[in-house]
Amino acid sequence: MMTMTKKNKVNEIIAYLDEIFPDVGCELNYQKDYELVIAVMLSAQTTDISVNHVTAKLFKEYPTLEALANAKLEDVEDIIHSIGLYKNKAKNVIGIAQAVLTDFHGQIPMDKDELQKLPGVGNKTAGVIRAEIFKIPDLPVDTHILRIAKRFQLVNQNADPYETEMALKKMVDESHWIKLHHQLIHFGRYLCTARKPACASCKLAHLCNVI
Ligand code: SF4
């Protein structure tokens, strides 16, 4: 019997995800590019639903970059206190607004290294922002994608998010990166969840090491 390569496995996963999630995208609400940057930063270790809940108020009360840059820390903390790590994130909200204004003339930079100069923006966040705003192919790995890649044994069980991103990028054609990123997050959020994955109805069970 022929052994299935990781590339074959990924192709089967992509075909299935295209079937069940043909049209998925970013679930964070935003209207302006800098609002997306802030929303993605806020979403670390927090659900998109809770981020959307706090940003609705935050962006209404502070409708411009200037307003956010001049916001009082305690007021921002107050608005976002229902999400995890809110104290640090409140500092980052104001810090991002100030840095975009002073260092980048009010525009979100396209360059990944430049983006990572913004407070609270690391490799994953920068990848998400570039893909969403500039449609630059990327496959940033969050906690869902990391878990799924390991369940399918696409990477070693001790691989970190960055190693997983690099490995997946080698297996998947660049044209699929952005869509696959969203599809895997959907799969991890709603079906292949951390604690109670829906294995009974999963058509990829034969590729997976969980059952
Ligand atoms: S069989 Fe279960 S754990 Fe494996 S991919 Fe499907 S839902 Fe996830």
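Within each chain, residue numbers correspond to sequence positions counted from 1 in written order. Per-residue local features of the predicted model are confined to residues with pLDDT of at least 70, and side-chain atom pairs are confined, for both listing and counting, to 80 or more; whole-chain, interface and lining totals are unaffected and use all residues.

### Digging into the overall build of the chain
And step 1. The helix count covers DSSP runs of H or I at least four residues long, the strand count covers runs of E at least two residues long, and both are numbered beginning at the N terminus. Along the chain, the regular secondary structure elements total eleven helices and zero strands.
And step 2. For the chain, the N- to C-terminal ordering of α and β elements is α-α-α-α-α-α-α-α-α-α-α.
And step 3. Radius of gyration here uses only the C-alpha atoms, and the compact-globule reference equals 2.2 Å multiplied by the residue count raised to the power 0.38. The C-alpha atoms of the chain give a radius of gyration of 18 Å, which matches the 17 Å a tight globule of 211 residues would have.
And step 4. Principal-axis analysis of the C-alpha atoms places the extent of the chain at approximately 65 × 35 × 30 Å.
And step 5. Expressed as a percentage of the 211 residues in the chain, the buried residues total 32%.
And step 6. Two residues qualify as a contact pair if the distance between their C-beta atoms, derived from the backbone, is within 7 Å. Partitioning the intrachain contacts of the chain with sequence separation of at least 6 by distance along the chain shows that 59% fall at a separation of at least 24. Residue burial here comes from a neighbour count, namely the number of other C-beta atoms, placed from the backbone, that lie within 10 Å of the residue's own C-beta, with 20 or more meaning buried, 12 or fewer meaning exposed, and in between meaning partly exposed.

### Quick word on the environment of Phe134
And step 1. Along the chain, Phe134 falls in helix H8 (residues 123-134).
And step 2. Along the sequence, Phe134 and Met110 sit 24 residues apart, while their C-alpha atoms lie 7.2 Å from each other.

### So, the nonpolar core
And step 1. Counting residues in hydrophobic clusters, the biggest one holds 32 residues, and the most contacted among them are Val37, Ile38, Ile80, Val93 and Ile96.
And step 2. For this core, the elements supplying multiple residues, two or more each, are helix H2 (33-42), helix H3 (48-61), helix H5 (73-80), helix H6 (86-103) and H8.
And step 3. In terms of residue count, H2 provides more of this core than any other element does, eight residues in total.
And step 4. Throughout this description, the term nonpolar core refers to a group of buried Ala, Val, Leu, Ile, Met, Phe, Trp, Tyr and Cys residues whose C-beta atoms join them within 7 Å. Leu139, Leu184, Ile185 and Cys192 belong to the second-largest nonpolar core, a separate cluster that totals 18 residues.

### Describing the packing of H2 against H8
And step 1. Lines fitted to C-alpha atoms define the axes, with helix axes restricted to the stretch in contact, and inter-axis angles between N-to-C directions lie between 0 and 180 degrees. Close contact between H2 and H8 brings their axes to 10 Å; oriented N to C, the two are set at 145°. For the pair H2 and H8, the sense of crossing is right-handed. Between H2 and H8, the residues in contact are Asp33, Leu36, Val37, Val40 and Met41 and Thr125, Val128, Ile129, Glu132 and Ile133, respectively.
And step 2. Only Asp, Glu, Lys and Arg are considered charged in this grouping, and only Ala, Val, Leu, Ile, Met, Phe, Trp, Tyr, Cys and Pro are considered nonpolar; every other residue, Gly among them, is considered polar. Considered class by class, the residues forming the contact of H2 with H8 number seven nonpolar, one polar and two charged. Take the far helix as the reference: if the near one is turned anticlockwise from it by less than a right angle, the crossing is left-handed, and if turned clockwise, right-handed.

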